[in-house]
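Structural overview
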Amino acid sequence: MNTTALAYLGDAVYEVAVRGFVMKSGQQHADRLHRLAIKFVCAEGQAKALKAIMPELTEEEQSLVRRARNRRITSKPKHAAPVTYKLSTAFEAFVGYLYLTGDRERMEWFIDRALTVISENGAGYDSEKAESPQQSAGCHR
């Protein structure tokens, strides 16, 4: 399947997982929940997570990620460097691939690892200082 289509699906699947994750914070205001979610869905956070997790993937999985990363981008990234954007697209394509193959256990493992990596390392976004969620650097939304 086309890796761009996989990324399209993976973006939605990952977004739902992130929303569930930030809901566990106890925060009830939608705006604050959105600000908590940004560091997990921004291109920079996804790229960092993918780099950290890549050695833990099988050869077949790494091959898919490389294929998605190396796909020619047709649109210009608005809030991320092209390399970061490509890595985040590969991240989303991998989530889409796991979703479509029905390997929920592996998908949940990958998403949990990514959330952990991003939580521990941050993603260059400080929700307390941002004027609006759209101004977050590296966010490809």
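Here the structure is a predicted model, which is why all the values come from computation and not from measurement. (Residues numbered from 1 in each chain as written. Predicted model: local features only at pLDDT ≥ 70, side-chain atom pairs only at ≥ 80, totals over all residues. Heavy atoms only, no water.)

This next bit is on the environment of T4. Relative to the assigned elements, T4 resides in helix 1 (residues 3–23). Residue T4 is classed as partly exposed on the basis of its relative accessible area of 44%. (Helix = DSSP H or I, 4+ residues; strand = E, 2+ residues; numbered from the N terminus. Buried < 20%, exposed > 50% of the residue type's maximum accessible area, 1.4 Å probe, protein only.)

Moving on: a nonpolar patch on the surface. Side chains of M1, Y99 and L100 sit close together on the surface and give an oily, nonpolar patch of about 330 Å² of accessible area. Along the chain, M1 turns up in the segment before helix 1. (Patch = residues over 30% accessible without salt bridge, like charges linked within 9 Å, V, L, I, M, F, W, Y side chains within 5 Å. Areas by Shrake-Rupley, 256 points an atom, 1.4 Å probe, with all protein chains shown as cover. Salt bridge = Lys/Arg side-chain N within 4 Å of Asp/Glu carboxyl O.)

Along the chain, the position of L100 falls in helix 5 (residues 82–101). When the C-alpha positions of L100 and L6 are compared, they lie 8.4 Å apart, and in sequence the two are 94 residues distant. Those residues in contact with L100 that sit more than four places away from it in its chain are M1, L6 and L9. (Contact = heavy atoms within 4.5 Å.)

The first and last C-alpha atoms of helix 4 (residues 59–70) sit 16 Å apart over 12 residues, in line with the 16 Å expected at 1.5 Å per residue. Inspection of helix 4 places E61, Q62, L64, V65 and A68 among the buried residues, and these make up the whole buried set. Down the axis of helix 4, the smallest arc covering the buried residues is 160°, so these residues share one side. Those residues of helix 4 that are exposed and angled more than 90 degrees off the buried face are E59 and E60. (Expected span 1.5 Å × (residues − 1). Arc of directions from axis to C-beta.)

Here the second largest pocket defines a volume of roughly 200 Å³. What lines the second largest pocket is V13, V16, A17, G20, F21, K24, M107, E108, I111, D112 and L115. Counting residues per element, the ones that place at least two in the lining of the second largest pocket are helix 1 and helix 6 (104–121). When its residues are assigned to classes, the lining of the second largest pocket shows 7 nonpolar, 1 polar and 3 charged. (1 Å grid on protein atoms, 1.4 Å probe; cavity = no way out; pocket = protein on both sides within 12 Å on 5 of 7 lines; lining within 4 Å. Points joined across faces, edges and corners; volume = space filled by probe spheres on them. Nonpolar A, V, L, I, M, F, W, Y, C, P; charged D, E, K, R; others polar.)

By the definition in use, this model includes 5 salt bridges. E56 is the salt-bridge partner of R113, the closest N and O atoms lying 2.6 Å from each other. On the criterion of sequence distance, the pair formed by R113 in helix 6 and E56 in the loop between helix 3 (43–53) and helix 4 is long-range, its members being 57 residues apart. Classification of E56 as partly exposed rests on a relative accessible area of 36%.

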